[in-house]
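The lines below spell out each chain.
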Amino acid sequence: MVRFGHCPRCGNSVPLSVEHPERPVECHYCGEMVRVNPLEEYHVPDEIELETDGKASGGNPWRDVGRPKPASGSFNFSELVPPEMAVVPAAPPTQPKDPDKALTTFALGMFRVRGWPVRELDGYKAFEVKAGFRNPETGQQDVCEVTVSARAGTLTLETHLAALPHPSLWGPVRETLNLLNAYSGGSVFLLRESGVVVRIKMIPRPAEQGAFSAHGILLAMRQLNHDRRLANAVMVDVLQSGLTDRAYIERRFAAPCAEGPSAVLSGDQLQDLASLAGFYTFQYGDAVALSRHACEPEQCRVRMLAQDGLMRGWAVLDDNLTRVPTQAWTFVKHVIKNARESGAMPSRTMVGRLLERLNVLNDSAGLLRFVYSDGCVLAMAVYRPVEADMTPEEFRFLADALLRCARDDSDERREIRRAV
């Protein structure tokens with residue numbers, strides 16, 4: 001333990017030797033050799049009580065401090081403000097200059113406040129975190145390394161699934177990823193130069209509720225790890241055999257949701273939520289058909305379904321699409337148009353090239369995923385409601401993205417928003 005005393009020449013604190021406190025010491029401030037009387041140690045009383053009017057505690061350190069008498073009457077805050085001063089209203093909230101940076105900073109702060117270990121990456125829009133989750137199949141702990149970033153107004157969580165396979169296996173791997181994207185419970189599977197990546201996106205809540213909640217982020221990470229764990233066995237199988245087993249993928253993702261409490265929407269609640277968001281709705285079997293304008297149910301190109309704890313939305317695309325004209329998107333339209341005009345299924349080579357382009361589109365910043373199924377290209381949105389009170393704004397975020405891909409009227413030919 002280090003004890004201190006005050007230099008008699010300059011008054012600064014001087015460290016003293018515990019064994020020989022009476023020896024002269026050199027003051028680091030004035031440079032003089034001085035003899036300092038050590039300060040007495042302060043001992044905290046065994047009991048600290050507030051002094052009462054009837055009886056004063058002898059060991060109370062505040063016994064000599066005078067207490068003001070309480071004022072009579074009730075407290076009125078308005079009396080503190082002089083009447084001649086005008087009350088200035090609060091400034092209206094302003095949008096941050098960089099919304100993506102604001103989302104990343106908000107998420108990073110939540111991780112740090114709760115003591116979750118994080119490592120910031122170069123730049124200011126990404127950081128890494130290691131999370132451990134119990135594996136229900138083995139009972140062991142799975143360590144999932146997640147990269148958190150923000151882009152285009154959404155928070156993205158990514159993790160690595162497998163190394164880049166040999167080029168001879170890219171065909172069956174793309175077919176497998178296409179099926180995984182159709183059956184997964186929220187994650188999108190991508191083939192990149194770094195290997196196979198699993199990604200999940202989070203829609204920010206309104207500013208007055210905070211962009212994200214700790215429950216929502218933890219549930220998203222659980223879902224990401226759940227999808228990664230289920231897909232790992234599928235990926236090992238396809239890399240060894242070179243074949244895609246659709247039935248095996250269906251069995252693996254029979255329970256698409258990860259463990260943990262989450263909001264479950266019924267079909268009626270989904271339809272009510274769509275109506276509150278300002279859409280025209282029709283009951284179409286188990287699904288809900290959506291439209292911006294009043295029309296016949298058969299003309300609604302977007303369907304949404306609440307099932308297995310997930311909210312799935314999809315739209316069948318045609319060759320008259322309103323997406324940004326990129327090379328990948330142009331090729332997709334070309335395949336759709338040829339298949340519609342000829343009535344024949346595309347060849348295996350054409351399907352392989354189509355899946356390659358869909359992988360490029362899925363790697364974009366949007367909430368949607370694009371899946372090839374039975375000669376059709378579907379734009380899909382898979383979302384697991386996090387909070388019990390999902391807002392119409394969150395629902396509109398997803399529905400708008402699907403409608404912009406499905407509608408071909410002049411009202412929809414506008415600049416693609418951030419959701420797509």
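Residues numbered from 1 in each chain as written. Predicted model: local features only at pLDDT ≥ 70, side-chain atom pairs only at ≥ 80, totals over all residues. Heavy atoms only, no water.

Asker: Explain the nonpolar core here, please?
Answerer: Nonpolar side chains in soluble globular proteins tend to end up buried together. Leu-290, Met-311, Leu-358 and Phe-395 are the most contacted members of the largest nonpolar core, which totals 41 residues. Counting residues per element, this core draws most heavily on helix 8 (residues 392-406), at 9 residues. The residues contacting Phe-395, other than those within four sequence positions of it, are Leu-270, Leu-273, Ala-274, Ala-277, Phe-279, Leu-290, Met-304, Met-311 and Met-390. Listed in part, the 40 residues of the second largest apolar core include Phe-111, Ala-150, Met-202 and Ile-217. (Core = buried A, V, L, I, M, F, W, Y, C linked by side-chain atoms within 4.5 Å. Buried < 20%, exposed > 50% of the residue type's maximum accessible area, 1.4 Å probe, protein only. Helix = DSSP H or I, 4+ residues; strand = E, 2+ residues; numbered from the N terminus. Contact = heavy atoms within 4.5 Å.)

Asker: What should I look at first to understand the sheet that holds strand 12 (residues 287-291) in this one?
Answerer: Hydrogen bonds along the backbone pair up the strands of a sheet, which may run parallel or antiparallel. Taken together, 6 strands build an open sheet; the order of strands is 11-12-13-14-16-15 and the sheet is antiparallel. Every interior strand has two partners, whereas the edge strands, strand 11 (280-284) and strand 15 (369-373), have only one. Going from strand to strand, the sheet's axes swing by 30° on average, the running direction of each strand aside. The sheet strands contacting helix 5 (residues 267-276) are strand 11, strand 12, strand 13 (302-307) and strand 14 (310-316), and the helix crosses strand 11 at an angle near 160°. Sitting on the sheet, helix 8 touches strand 12, strand 13, strand 14, strand 15 and strand 16 (376-383), and the angle it makes with strand 16 is about 175°. (Pairing = 2+ DSSP bridges. Axes fitted to C-alpha atoms, helices over the stretch in contact; angles between N-to-C directions.)

Asker: Whenever I open this one, the side chain of Asn-135 confuses me. Can you help?
Answerer: Mapped onto the elements, Asn-135 comes out in the loop between strand 6 (126-134) and strand 7 (141-151). Look at Asn-135 and you get buried, because its relative accessible area is 8%. Within the structure, Asn-135 has its side chain in polar contact with the side chain of Asp-142 (distance 3.1 Å). Not counting chain neighbours up to four residues away, the residues in contact with Asn-135 comprise Gln-140, Asp-142 and Arg-229. (Polar contact = N/O pair within 3.5 Å; in protein donor to acceptor, adjacent residues only side chain to side chain.)

Asker: It is not clear to me how the packing of helix 2 (residues 170-183) against helix 3 (residues 214-241) should be interpreted in this structure. Could you clarify?
Answerer: A packed helix pair is summarised by two numbers, namely the angle formed by the two axes and the spacing between the axes. Their axes nearest at 10 Å, the elements helix 2 and helix 3 cross at an angle of 155°. In terms of orientation, helix 2 and helix 3 fall into the roughly antiparallel class. The crossing of helix 2 and helix 3 is right-handed. Contacts between helix 2 and helix 3 involve Pro-172, Val-173, Thr-176, Leu-177 and Leu-180 from the first element and Ala-231, Val-234, Met-235, Val-238 and Leu-239 from the second. Class assignment for the residues of the contact of helix 2 with helix 3 results in 9 nonpolar, 1 polar and no charged. (Parallel < 35°, antiparallel > 145°, perpendicular 65-115°, else oblique. Left-handed = near helix turned anticlockwise from the far one by under 90°. Nonpolar A, V, L, I, M, F, W, Y, C, P; charged D, E, K, R; others polar.)

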